[in-house]
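Architecture and fold: a report
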Amino acid sequence: MIPFNKPAIIGEELKMMEQAINQDQLSGNNKFTKNCVQLLKNLTNCKEALLTPSCTAALEMCALLIDVKDGDEIIMPSYTFVSTANAFALRGAHIRYVDIEAATMNISVSEIERAITNKTKAIVVVHYAGVACDMDEIMALAATHDLWVIEDAAQALQSSYKVRPLGSIGHLATLSFHDTKNYQCGEGGALLVNDPSLLERAHIIQEKGTNRTAFREGKIDKYTWRDLGSSYLLNELSAAFLSVQLKHADKIYSNRMKAWELYDKGLTELEKKGRIEKPSIPDANTHNAHLFFIKTRDKREREKLMDHLQENGVQAASHYVPLHNSVAGKKFGIFIGRDNYTTTESERLIRLPLFYQIREKDVTYVIHQIYSFFK
Ligand SMILES: Cc1ncc(COP(=O)(O)O)c(C=O)c1O
């Protein structure tokens, strides 16, 4: 069986975890966290990075940081992971889901504009498959209406928008280091802070609502409860593991890109014949080969292709069930405008196996199986 995903392992992770054990400091914000923060700053150009236990936790920090209150409205695509919405619903926000663009599966800027009201507090964009949303237009729209922009860049580390790394454009951004992501430590994440006015509180929120970070830096002689917060730190064992992945980010990137390009080239004929559609990457942007998807004619054809792949030893995966079609999604939000693409496009999308150690012959085999299905 060719699995859909295998977590990337570089090989030096255990050695680094051993070093973490020997430093006698396994709680967060110690040596390995600082090392990861520096690597993340280099990779993303963000102003500051805080390691968190997950991208979900980083999104919850965003909701606290921008002071989301009961009745505030947050605009986002319906085509996303539950955490994008859940983090804001937890603080009483009302979610306004909008449609995506079919080509990129990213939020539609014109639909955002239609969803803005005087209760809107923020726009959360998701760079699906590591391909950038239209950030210039989104930032301009947000500036006009005085809104926060949060980049859910869970999938988008090492991608760029017009030369700018993703995660460095919104006021805040979040990353995931879940084991399905390009760079991973089992479970992990980061909050990237680009608006300096949010930085001090970000540290307080991360440290259970206390000013412990200032205390550790020797700026104050004892720390106390200052604000709402929670335990949003990544432990040093995970940070030690992650530091290896971030150090070798280029190696992971180039292996994944080789596989991505092999799929892209190998499936071109099938696309030309009109049997499938492949991802479309806007010219000005680069992507990180996070995932390779194809789209079939409709949901039925997708199910049949997935069965065919499964029977022939290939594990493929569908992706998000649109949030506005889910039980909690309906409870905590509403779809604004028409669902032209969200449901239909998500139903015909299949993700193909793609991971750091995937072999060329496995990718070639998957391509062969897709052709054989369409024969
Ligand atoms: C767009 C998006 N946001 C958030 C998350 C949550 O990430 P984590 O598992 O690190 O909390 C995911 C996970 O797949 C995701 O795809």
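One numbering rule holds for all chains: residues counted from 1, following each sequence as written. Given that this is a predicted model, residues contribute local features only at a pLDDT of at least 70 and side-chain atom pairs are listed and counted only at 80 or more, while totals for whole chains, interfaces and linings are drawn from all residues. Only hydrogens and water are set aside when side-chain values are computed; all heavy atoms of the structure are taken into account.

Our focus in this paragraph is the pairing of strand 2 (residues 73-77). The element strand 2 is extensively covered by neighbouring structure, given that five of its five residues are classed as buried. We call a residue buried when its accessible area falls under 20% of the maximum for its residue type, exposed when it is over 50%, and partly exposed in between, using a 1.4 Å probe and counting protein chains only. For the purposes of this entry, the term helix denotes a DSSP run of H or I that reaches at least four residues, the term strand denotes a run of E that reaches at least two, and both are numbered from the N terminus. Side-chain alternation along strand 2 places Glu-73, Ile-75 and Pro-77 on one buried face and Ile-74 and Met-76 on a second face that is also buried. Between any two strands, at least two bridges found by DSSP are needed for them to pair. Relative to strand 3 (residues 94-98), strand 2 is paired through five bridges, and the arrangement is parallel. Across the sheet, Ile-74 pairs through a bridge with Ile-95, a residue of strand 3. Every crossover in which the path from the first strand over the helix to the second runs clockwise, viewed with the strands pointing away from the viewer, is termed right-handed. Of the crossover connections in this fold, the one passing from strand 2 over helix 4 (residues 82-89) to the parallel strand 3 is right-handed.

Turning our attention to the side chain of Glu-236. You can see Glu-236 is positioned in helix 9 (residues 236-247). Each polar contact in these results corresponds to two N or O atoms within 3.5 Å; when the atoms are within protein, one needs to be able to donate a hydrogen and the other to accept it, and residues that are neighboring in sequence are counted only if both atoms are side-chain atoms. In this structure the side chain of Glu-236 is engaged in a polar contact, spanning 3.3 Å, whose partner is the backbone nitrogen of Asn-30. Setting aside chain neighbours within four positions, we find Glu-236 in contact with Ala-20, Gln-23, Gln-25, Leu-26, Ser-27, Asn-29, Asn-30, Lys-31, Phe-32 and Thr-33. Only heavy atoms enter the contact rule, under which two residues are in contact if any of them lie within 4.5 Å.

Before going further, it helps to spend a moment on the pattern of salt bridges. Salt-bridge detection follows one rule: a side-chain nitrogen of Lys or Arg within 4 Å of a carboxyl oxygen of Asp or Glu. Applying the stated criterion across every chain, the model contains 21 salt bridges. Arg-114 is the partner of Glu-111 in a salt bridge, and the nearest nitrogen-oxygen pair spans 3.2 Å. With Glu-111 and Arg-114 both in helix 5 (residues 109-115), this residue pair falls three residues apart, about one helical turn. The exposure class of Arg-114 is exposed, given its relative accessible area of 54%. The network of salt bridges with common partners includes Glu-277, Lys-295, Glu-345 and Arg-348.

For the rest of this paragraph, the subject is the sheet that holds strand 8 (residues 172-176). Here we have eight strands laid out as an open sheet, ordered 1-9-8-5-4-2-3-12, and mixed in their pairing. Whereas interior strands pair on both sides, the edge strands pair on one side only; in this sheet they are strand 1 (48-52) and strand 12 (333-335). Taken over all neighbouring pairs, the strand axes of this sheet differ in orientation by 20° on average, direction set aside. The sheet contact formed by strand 2 and strand 4 (residues 120-126) spans three bridges and is parallel. Of the residues in strand 4, the one forming a bridge with Ile-74 is Ala-122. Fitted lines through C-alpha atoms give the axes, limited to the stretch in contact for helices. The angle between two N-to-C directions lies from 0 to 180 degrees. The sheet strands contacting helix 6 (residues 135-145) are strand 4 and strand 5 (148-152), and the helix crosses strand 5 at an angle near 150°.

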